[in-house]
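Coordinate inspection notes
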Amino acid sequence: MASRILTRARIVPSTRQIISRRGYASEHVKHAGEGPKFQPETFGSNAWRNTMFVVIAGLVWYRVDQHITTSGEDKHPITKWVEYHMTPAADNDRVAAEHLDQAVAKAEDKLLFQEAKRSPIYRMRYPESFERASPHAIAVGSQADLSDLKVKYN
């Protein structure tokens, strides 16, 4: 009963409206006799044009590269450019040596801390025995003064 009231009040759409509004369908044909339209597949599309540009640029680069390498220069220009932007070998060796020294120092510190032991803690078995003794009838000099003694119970 409640569903009919909600459907009539247009709060909840009816199932006919839900089925007829299928906007997620993959194909949509407006007219019954008309099929989907596709673009003609020819060799004039952008993909073929771009492929031709890449192939031609590759061939030109190959020919120029052959000419440069056979002209008698010591090194290829790209090799010169890469060597120009690289850090020198002496700097790399210096950085590697510093890093090695730091690693050795860190390893020595780690070994030192691994071998370290805590100092032993000596605890009395019955610390309350100091408080149980009677202060009366003790001969002079037979016992030490324990008035400042603080016993740890933990």
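Residues numbered from 1 in each chain as written. Predicted model: local features only at pLDDT ≥ 70, side-chain atom pairs only at ≥ 80, totals over all residues. Heavy atoms only, no water.

1. Topic: the overall build of the protein
What the protein contains, in helices and strands, is six helices and zero strands. When the helices and strands of the protein are listed from N to C terminus, the series reads α-α-α-α-α-α. Put simply, the protein has 154 residues, and 1% of those count as buried. When the accessible area of the protein is evaluated, it comes to approximately 15900 Å², of which 59% is carbon and sulfur surface. (Helix = DSSP H or I, 4+ residues; strand = E, 2+ residues; numbered from the N terminus. Buried < 20%, exposed > 50% of the residue type's maximum accessible area, 1.4 Å probe, protein only. Areas by Shrake-Rupley, 256 points an atom, 1.4 Å probe, with all protein chains shown as cover.)

2. As for the pattern of salt bridges
Inspection of every chain in the model, using the stated rule, returns two salt bridges. Note that Lys-75 and Glu-83 form a salt bridge whose closest N and O atoms lie 2.8 Å from each other. Take Lys-75: its relative accessible area is 38%, and that puts it in the partly exposed class. A residue is classified by how much of its surface remains accessible, and Glu-83, at 40% relative accessible area, is partly exposed. Across the salt bridge formed by Arg-94 and Glu-98, the nearest N and O atoms sit 3.2 Å from each other. (Salt bridge = Lys/Arg side-chain N within 4 Å of Asp/Glu carboxyl O.)

3. Notes on helix α3 (residues 46-70)
If you check α3, its first and last C-alpha atoms are 36 Å apart, about what 25 residues at 1.5 Å a residue would give, namely 36 Å. Backbone geometry just after α3 places Gly-72 at a positive phi near 100°. (Expected span 1.5 Å × (residues − 1).)

4. Some words on the side chain of His-76
If you trace the backbone, His-76 turns up in the loop between α3 and α4 (77-85). Not counting residues within four places of it along the chain, the set of residues in contact with His-76 comprises Asp-65, Ile-68 and Thr-69. (Contact = heavy atoms within 4.5 Å.)

5. Examining the confidence of the model for the protein
Scored by pLDDT, the protein has a mean of 78; 74% of the residues are at 70 or more. Within the protein, helix α5 (residues 89-115) carries the highest mean pLDDT (95), whereas helix α2 (residues 15-20) carries the lowest (56). (pLDDT = per-residue confidence, 0-100.)

6. A short note on a nonpolar patch on the surface
Side chains of Trp-61, Ile-78, Trp-81, Val-82 and Met-86 sit close together on the surface and give an oily, nonpolar patch of about 560 Å² of accessible area. Sort the elements by how many residues they give to the nonpolar patch and α4 lands first, with three residues. With respect to the helices, strands and loops of the structure, Trp-61 is situated in helix α3. (Patch = residues over 30% accessible without salt bridge, like charges linked within 9 Å, V, L, I, M, F, W, Y side chains within 5 Å.)

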